[in-house]
Amino acid sequence: MTTAGQFSRHVSQWIESQVAPEPQRSGEPKQVGKPALTLNLDLAEVSWVSSVGLNELIEINLHAKKSGVRLVLTNVQSVVREVFMLTRLERMFEVI
């Protein structure tokens, strides 16, 4: 089982690896930028979320936005969706 903190670090490392600029060789035209990335987190297997889990999701979301990555939460179960609504975090996350 992976803890929320371990998962958060793994996702943050993945985001960094995807948005890190590629080295430019001399004589090559400048890259305008990489296309925007979307990270879909499938929460189908998540039946509840603790405050620690919520904090880690907030950190992942902030890191993604800072890096120009769109974070989308998918297949969110009704119990977890209700937690987002009660904590008003549904405004912070894109949930589909």
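Before reading on, note that the structure itself is shown above.
Before going further, it helps to spend a moment on the overall build of the protein chain. Within the protein chain, the secondary structure is distributed over three helices and three strands. In the protein chain, the succession of α and β elements from N to C terminus is α-β-α-β-α-β. The buried share of the protein chain, taken over its 96 residues, is 29%. Residue pairs at least 24 apart in sequence account for 71% of intrachain contacts in the protein chain once pairs closer than 6 positions are excluded. Surface accessibility of the protein chain: about 7000 Å² in total, with carbon and sulfur atoms responsible for 55%.

Read across the open sheet, the three strands follow the order β1-β2-β3; overall the sheet is parallel. Every other strand in the sheet has two partners, leaving β1 (37-42) and β3 (94-95) as the edge strands with one partner each. Looking at chain direction, strand β2 (residues 69-74) and β3 are connected through two bridges and run parallel. Looking at the pairing, Leu73 lines up with Val95 of β3.

Bringing the nonpolar core into the picture now. By size, the foremost hydrophobic cluster in this structure holds 19 residues, and its most contacted members are Leu39, Leu71, Leu73, Phe84 and Phe93. Contributing elements (two or more residues each) for this core: α1 (4-19), β1, α2 (51-66), β2 and α3 (78-86). A per-element tally of this core places α2 first, with five residues. Excluding anything up to four places from it in sequence, Leu71 contacts Leu39, Leu41, Ile60, Asn61, Ala64, Phe93 and Glu94.

On to the layout of surface pockets. The space that makes up the largest pocket amounts to roughly 530 Å³. The wall of the largest pocket is formed by 17 residues, among which Thr2, Ala4, Val46, Trp48 and Gly53 lie closest to the centre. Those elements giving two or more residues to the lining of the largest pocket turn out to be α1 and α2. The element contributing the most residues to the lining of the largest pocket is α2, with five residues.

Here the focus is the side chain of Thr74. Locating Thr74 in the fold gives a position in strand β2. The class of Thr74 is buried, set by a relative accessible area of 14%. Once you skip the residues sitting within four places of it in the chain, Thr74 turns out to touch Asn40, Leu41, Asp42, Leu43, Ala44 and Ile96.

The rules we used
- Residues numbered from 1 in each chain as written.
- Predicted model: local features only at pLDDT ≥ 70, side-chain atom pairs only at ≥ 80, totals over all residues.
- Heavy atoms only, no water.
- Helix = DSSP H or I, 4+ residues; strand = E, 2+ residues; numbered from the N terminus.
- Buried < 20%, exposed > 50% of the residue type's maximum accessible area, 1.4 Å probe, protein only.
- Contact = heavy atoms within 4.5 Å.
- Areas by Shrake-Rupley, 256 points an atom, 1.4 Å probe, with all protein chains shown as cover.
- Pairing = 2+ DSSP bridges.
- Core = buried A, V, L, I, M, F, W, Y, C linked by side-chain atoms within 4.5 Å.
- 1 Å grid on protein atoms, 1.4 Å probe; cavity = no way out; pocket = protein on both sides within 12 Å on 5 of 7 lines; lining within 4 Å.
- Points joined across faces, edges and corners; volume = space filled by probe spheres on them.

None of this, on its own, says anything about what the molecule does.
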